[in-house]
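Fold and geometry: a report
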Number of protein chains: 2
Amino acid sequence: MLTTELSDADISALRANKERLARDLHHSCQWGSGIRWGNDPTETGMQRLALSDEDREVRDWFVQTMKNLKCQITVDEMGNIFAVKPGRRTDVPATFIGSHLDTQPTGGRYDGILGVLAGVEALKRMDELGLETEGGVGVVNWTNEEGARFPMSMVSSGVWAECIPLSKAHDLKEVPTVASLPSAASAPETMKAALERIGYLGDVPCSYKSIPMAAHFELHIEQGPHLISAGQRVGVVTAVQAYRWFRLEITGRDTHTGTTAFEHRADALYAFAQMMVRAREVAAAKGCLASVGIIEAAPGSVNTVPGRVSFSLDIRGPETALVAEVEDELRSAFDEIAAAEGAGIGKPCQVKWTLDFDSPAIKFHEDCIDCVQESALAVVADAPVADTKALVRPIMSGAGHDSVFASKRVPTSMIFVPCRDGVSHHPEEFCSEDDCATGASVILQAVVRYDRRRFK
Amino acid sequence: MLTTELSDADISALRANKERLARDLHHSCQWGSGIRWGNDPTETGMQRLALSDEDREVRDWFVQTMKNLKCQITVDEMGNIFAVKPGRRTDVPATFIGSHLDTQPTGGRYDGILGVLAGVEALKRMDELGLETEGGVGVVNWTNEEGARFPMSMVSSGVWAECIPLSKAHDLKEVPTVASLPSAASAPETMKAALERIGYLGDVPCSYKSIPMAAHFELHIEQGPHLISAGQRVGVVTAVQAYRWFRLEITGRDTHTGTTAFEHRADALYAFAQMMVRAREVAAAKGCLASVGIIEAAPGSVNTVPGRVSFSLDIRGPETALVAEVEDELRSAFDEIAAAEGAGIGKPCQVKWTLDFDSPAIKFHEDCIDCVQESALAVVADAPVADTKALVRPIMSGAGHDSVFASKRVPTSMIFVPCRDGVSHHPEEFCSEDDCATGASVILQAVVRYDRRRFK
């Protein structure tokens with residue numbers, strides 16, 4: 001049956017197979033399963049760093065699964081895997097469902113993984129229904145979305161969108177804190193070397209020009225508490241907040257902890273401590289976020305005042321301009337803090353900022369948002385509550401996603417489903433089978449609706 | 001000539017050879033020379049971690065040098081090297097000059113090294129003068145005084161004093177921050193394995209009972225600004241401040257930096273930042289010091305709020321009771337800080353303290369202090385100032401030294417000389433040739449005076 005032949009009621013009745021989705025998802029989590037938090041075999045976190053051996057194994061499974069669904073597989077120079085089930089028309093690009101299979105070092109089973117597995121389930125469901133689309137439908141696994149092993153998040157969708165140069169991405173080196181994990185090689189590896197090592201350095205150029213898309217849809221856990229707190233089922237993502245990532249270095253002076261009075265110190269770590277406290281104050285006052293995830297202090301000896309500290313700073317906010325305001329205030333505040341620490345010896349601390357990543361606020365595409373909105377309302381319509389519409393809400397994404405870069409080149413939007421306590425990037429990250437299936441049903445319908453809309 | 005045959009004027013005229021001392025000191029610094037800060041060949045710091053290959057090389061040189069001076073060499077189970085020039089009487093223990101040849105990862109050329117080299121110079125001077133003591137005179141190089149590579153400072157004098165069990169010391173593992181330096185092995189090594197590897201695991205029991213001493217004198221740079229600021233030449237060390245070293249662990253919750261509001265976080269690193277700011281306030285109010293030298297935050301990803309932080313805390317003060325008061329206040333304050341961070345989600349941070357080292361305040365021995373005082377006044381007597389006595393002052397040590405443990409078993413005291421800006425544990429740590437020689441002259445005289453006093 002062709003999508004164009006379906007009635008609105010037919011489309012609204014489309015559902016993912018909840019049990020199969022859960023089974024496939026946990027099956028795929030055998031590669032890289034992490035810290036255990038419960039007794040059930042599925043109650044562990046994940047540690048599947050990008051381009052690790054575990055990542056290779058899940059990629060192999062993904063490729064084989066998609067081949068079984070008669071998909072055509074393309075691997076590009078960033079190791080992105082595009083699996084396309086051709087439609088009736090072969091002269092147009094496919095509509096994609098995309099996300100990522102890599103995780104944080106102490107991540108969970110849903111962030112990214114649910115997005116890819118929902119794509120797999122959508123194609124399985126369409127296959128068993130004998131549903132043929134006009135344009136093709138594809139699933140894409142984007143490489144190193146987390147930026148945990150290679151320190152640039154969404155780097156491979158960024159290269160595809162031609163927003164990040166290929167060479168810069170290929171040259172990224174795995175970060176030391178992650179390199180020191182048992183699963184990583186002992187010497188820091190570049191991203192290109194890692195792609196080669198696991199056999200996923202493809203020869204197709206990584207570009208929206210070589211691998212075009214009609215649209216990009218992504219299902220993701222919310223990673224925040226709004227849906228779960230309100231008892232809502234689906235977030236229709238309309239926008240993504242702005243964020244900037246910095247690396248900062250504070251230079252002070254190494255001295256002896258036992259013999260150096262406070263007023264004779266230029267303690268880089270004490271300066272850091274004040275900066276981190278200040279960062280939260282300033283960000284909170286503007287409705288933004290400021291976070292430090294990585295810190296290193298040198299030389300690293302109990303009885304030496306650290307003379308060098310480097311740390312990451314992640315500033316986020318609903319508007320690009322607000323993030324810039326927080327940055328400006330913090331630059332002044334940090335300079336003041338640094339100037340005061342060491343002033344007593346005429347050798348104040350100094351602080352240097354390096355911008356690693358800048359992602360302005362994003363608005364998603366109206367057509368895609370509409371398809372998601374209609375699909376979400378259709379999927380929750382059979383819920384046993386009086387006002388099912390209240391189970392769906394428009395929402396802004398706090399985190400970056402591959403959809404950010406996709407949206408720069410093609411119509412894009414996202415679907416959020418609730419996760420327990422709003423927690424992610426944590427082994428206990430959890431999304432119920434019902435919520436996973438709701439999200440997968442919404443993305444299945446959204447892709448079908450978008451296909452109809454394209455060729456109407 | 002016997003020391004007992006010398007006149008007071010003869011003793012007061014004894015001087016170290018300034019040029020030879022400087023030459024020997026910098027010669028010994030070829031092994032492990034570190035970060036360059038000036039153009040002169042001697043203007044580098046040191047990175048000679050305990051039991052590294054560089055430490056082995058300088059030990060070999062020390063042993064050969066002392067053998068050339070007809071010293072008897074004993075190496076004990078902790079790799080402490082005792083080199084004794086026998087005196088006229090062989091039925092009594094020797095008087096020792098001791099310090100250490102290991103350094104911090106980013107240390108300088110004087111901390112510890114000057115103390116051992118002053119001992120070498122004293123024996124060279126006595127040898128060329130044909131001066132024979134009643135009891136023997138020895139030089140001891142204590143292993144891993146810094147506690148930088150193996151995280152327990154003064155550990156080997158501590159074993160010798162039977163204050164630290166041998167097995168505990170042997171089992172110490174090198175700390176990761178130091179292990180990751182290029183000069184260290186890639187896998188953390190135990191102290192015993194390291195001793196074996198460099199050939200300095202001796203078979204003589206490490207104990208004051210097996211290797212007795214008559215007294216222990218130590219020359220050291222001040223590592224603080226008092227002497228240099230006041231233009232004084234010699235500090236007669238009467239006491240050592242109390243200190244305690246702790247390892248603290250904060251447990252919070254890993255979550256996503258972009259999607260987790262501040263009130264939903266249990267950010268272990270933010271808790272740390274507040275604790276470090278508070279620690280300085282509390283310590284300063286009591287005339288004490290509190291310092292953090294080591295910090296690690298996990299999982300260590302730009303966009304994950306750290307759920308685990310561990311850090312070192314070094315509290316020092318002039319009295320044992322004051323250090324305990326600071327500790328008590330900080331335990332309460334840290335509990336409050338931890339309880340507030342994460343309260344919004346009912347999962348507050350938790351903080352756990354482990355005491356690694358406890359060194360009560362120490363008073364040195366009157367006889368040794370007297371010998372140092374008389375010698376210091378004699379050495380500075382020819383200075384071109386009106387009141388040479390003002391060039392000498394009693395002083396308290398802020399840092400721990402091997403003399404702390406020595407003092408628990410034998411009469412002990414120390415001599416301080418000025419260092420530039422009061423800086424130590426830093427590559428630019430510097431003590432002038434004149435000041436080095438002044439200190440060496442004082443310790444030479446102090447040992448001779450002590451020998452006369454013993455057998456008077």
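Residues numbered from 1 in each chain as written. Chains lettered and ligands numbered in written order. Predicted model: local features only at pLDDT ≥ 70, side-chain atom pairs only at ≥ 80, totals over all residues. Heavy atoms only, no water.

Identification of chain A as N-carbamoyl-L-amino-acid hydrolase from Penicillium ucsense is taken from an unreviewed UniProt entry.

1. Some thoughts on the packing of aromatic side chains
Considering all chains together, one arrives at 30 aromatic pairs over all chains under this definition. Judged by centre distance (5.6 Å) and plane angle (65°), the ring pair of Trp142 of chain B and Trp160 of chain B falls under edge-to-face. In this pair, Trp142 of chain B sits in the loop between strand E6 (137-141) and helix H5 (155-160) while Trp160 of chain B sits in helix H5, placing the two residues 18 residues apart along the sequence. We note that Trp142 of chain B, like Trp160 of chain B, is buried. On the basis of an interplanar angle of 70° and a centroid distance of 6.1 Å, the ring pair of Trp160 of chain B and Tyr208 of chain B is categorised as edge-to-face. Highlighted residues: Trp160 of chain B in helix H5 and Tyr208 of chain B in the loop between helix H8 (191-197) and strand E7 (215-221), separated in sequence by 48 residues. What makes Tyr208 of chain B partly exposed here is its relative accessible area of 22%. Against the face of Tyr200 of chain A rests Arg59 of chain A, its NZ or CZ located 5.1 Å from the ring centre. Of note, Arg280 of chain A hangs over the ring of Tyr270 of chain B, and the distance from its end group to the ring centre comes to 3.5 Å. (Phe/Tyr/Trp six-rings, centres within 6.5 Å; stacked < 30°, edge-to-face > 60°. Helix = DSSP H or I, 4+ residues; strand = E, 2+ residues; numbered from the N terminus. Buried < 20%, exposed > 50% of the residue type's maximum accessible area, 1.4 Å probe, protein only. Lys NZ or Arg CZ within 6 Å of the ring centre and 35° of its normal.)

2. A look at the domain arrangement of chain A
Accessible area lost on assembly of the parts is the figure often given for the size of an interface. Residue and element names in this part refer to chain A. Looking at chain A, the domain boundaries give domain 1 (3-241 + 362-454) and domain 2 (242-359). For domain 1 versus domain 2, the distance between C-alpha centres works out to 35 Å. Each side of the interface is counted separately: domain 1 has twelve residues, and domain 2 has eight residues. Carbon and sulfur atoms supply 57% of the area buried between domain 1 and domain 2, which totals about 910 Å² over both sides. For the pair domain 1 and domain 2, the interface holds zero salt bridges. Taken together, the connections running from domain 1 to domain 2 amount to one residue pair in polar contact (both at pLDDT 80 or more). When the residues that make up the side of domain 1 that touches domain 2 are grouped by side-chain class, the tally is eight nonpolar, four polar and no charged. (Domains from an automatic or database assignment. Contact = heavy atoms within 4.5 Å. Buried area = accessible area lost by both parts, 1.4 Å probe. Salt bridge = Lys/Arg side-chain N within 4 Å of Asp/Glu carboxyl O. Polar contact = N/O pair within 3.5 Å; in protein donor to acceptor, adjacent residues only side chain to side chain. Nonpolar A, V, L, I, M, F, W, Y, C, P; charged D, E, K, R; others polar.)

3. Brief notes about helix H2 (residues 18-28) of chain A
Residues and elements named next belong to chain A. Turning to H2, its buried residues are Arg20, Leu21, Ala22, Asp24, Leu25, His26 and Ser28. Contact partners of the buried residues in H2: helix H3 (53-68), helix H4 (113-129) and helix H14 (433-454). Sitting at the head of H2, Asn17 places a side-chain oxygen 3.2 Å from the backbone nitrogen of Glu19.

4. Here's the deal with the interface of chain B and chain A
In this complex, chain B contributes 66 residues to the contact, which on the side of chain A involves 65 residues. Summed over both sides, the interface between chain B and chain A buries roughly 5,600 Å², with carbon and sulfur atoms accounting for 60% of that surface. It is Phe262, Arg280 and Val302 of chain B that lose the most area in chain B upon contact with chain A, and together they represent 15% of the buried surface on that side. Run the count over chain B and chain A and you get four salt bridges. The residue Arg280 of chain A makes a salt bridge to Glu341 of chain B at a minimum N-O spacing of 2.9 Å. Going through the elements one at a time, helix H7 (176-179), strand E10 (255-256), helix H10 (268-285), strand E11 (289-291), strand E12 (295-298) and strand E14 (308-317) of chain B are the ones with two or more residues in the side of chain B that touches chain A. Top contributing element to the side of chain B that touches chain A by residue count: H10 of chain B, with ten residues. Among the residues forming the side of chain B that touches chain A, the class breakdown is 28 nonpolar, 25 polar and 13 charged.

5. Thoughts on the relation of the copies chain B and chain A
Of the transformation superimposing chain B on chain A, the axial component is 0.0 Å and the angular component is 180°, with the fit at an RMSD of 0.1 Å. Put plainly, the chains are arranged around a two-fold axis. Of every C-alpha in chain B, the one belonging to Ala273 of chain B sits nearest the axis of rotation, 2.1 Å from it. Looking at chain B, 98% of its interface residues are interface residues in chain A too, so the copies touch through the same face. (Least-squares fit on C-alpha atoms with pLDDT ≥ 70 in both.)

6. Considerations on unusual backbone geometry
Residue Pro299 of chain A is bonded to the preceding Ala298 of chain A through a cis peptide linkage, with omega at 10°. With respect to the helices and strands, Pro299 of chain A occurs in the loop between strand E12 (295-298) and strand E13 (304-305). You will see that Met154 of chain A, though not glycine, has its phi angle at about 55°, which is positive. Secondary-structure assignment places Met154 of chain A in the loop between strand E6 (137-141) and helix H5 (155-160). On the basis of relative accessible area, Met154 of chain A is assigned to the buried category, the value being 1%. Of note in the backbone geometry, Asn144 of chain B takes a positive phi value of approximately 55° without being a glycine. Here Asn144 of chain B lies in the loop between E6 and H5. Residue Asn144 of chain B is classed as buried on the basis of its relative accessible area of 1%.

7. A short note on the pattern of salt bridges
Residues and elements named next belong to chain A. For the structure on display, the rule yields 65 salt bridges over all chains. With a shortest N-O distance of 2.6 Å, Asp434 and Lys18 are connected by a salt bridge. You can see Asp434 sitting in helix H14 and its partner Lys18 sitting in helix H2, a full 416 residues away along the chain. For Asp434, a relative accessible area of 41% puts it in the partly exposed group. Each of Asp53, Arg149, Glu174, Glu189 and Arg197 takes part in salt bridges that share partners, so that together they form one network.

8. Let's talk about the pairing of strand E4 (residues 81-85) of chain B
Within a regular strand, side chains alternate between the sheet's two faces. Residue and element names in this part refer to chain B. Of all the five residues making up E4, four are buried; the element is thus mostly covered by neighbouring parts of the structure. Of the pairings in the sheet, the one linking strand E3 (residues 72-75) to E4 comprises four bridges and is antiparallel in character. Opposite Val75, over in E4, you have Ile81 as the bridge partner. Where E3 folds back on E4, the antiparallel hairpin that results is connected by five residues, among which Gly79 adopts a positive phi of roughly 80°. (Pairing = 2+ DSSP bridges.)

9. Some remarks on the packing of helix H2 (residues 18-28) of chain B against helix H4 (residues 113-129) of chain B
Residues and elements named next belong to chain B. For the pair H2 and H4, the least separation of the axes is 10 Å and the interaxial angle reads 135°. One finds that H2 runs oblique with respect to H4. Remark: the crossing between H2 and H4 carries right-handed chirality. Between H2 and H4, the residues in contact are Arg20, Leu21, Asp24, Leu25 and Ser28 and Ile113, Leu114, Leu117, Ala118, Val120, Glu121, Lys124, Arg125 and Glu128, respectively. (Axes fitted to C-alpha atoms, helices over the stretch in contact; angles between N-to-C directions. Parallel < 35°, antiparallel > 145°, perpendicular 65-115°, else oblique. Left-handed = near helix turned anticlockwise from the far one by under 90°.)

10. A word on the nonpolar core
Residues and elements named next belong to chain B. Of all hydrophobic cores here, the largest spans 107 residues; its most connected members are Phe62, Met66, Leu114, Trp160 and Phe217. Of the domains in this structure, domain 1 (3-241 + 362-454) and domain 2 (242-359) are the two that each give at least three residues to this core. Here Leu114 is in contact with Leu21, Leu25, Leu219, Ile221, Val417, Cys431 and Cys436, once residues within four sequence places are set aside. (Core = buried A, V, L, I, M, F, W, Y, C linked by side-chain atoms within 4.5 Å.)

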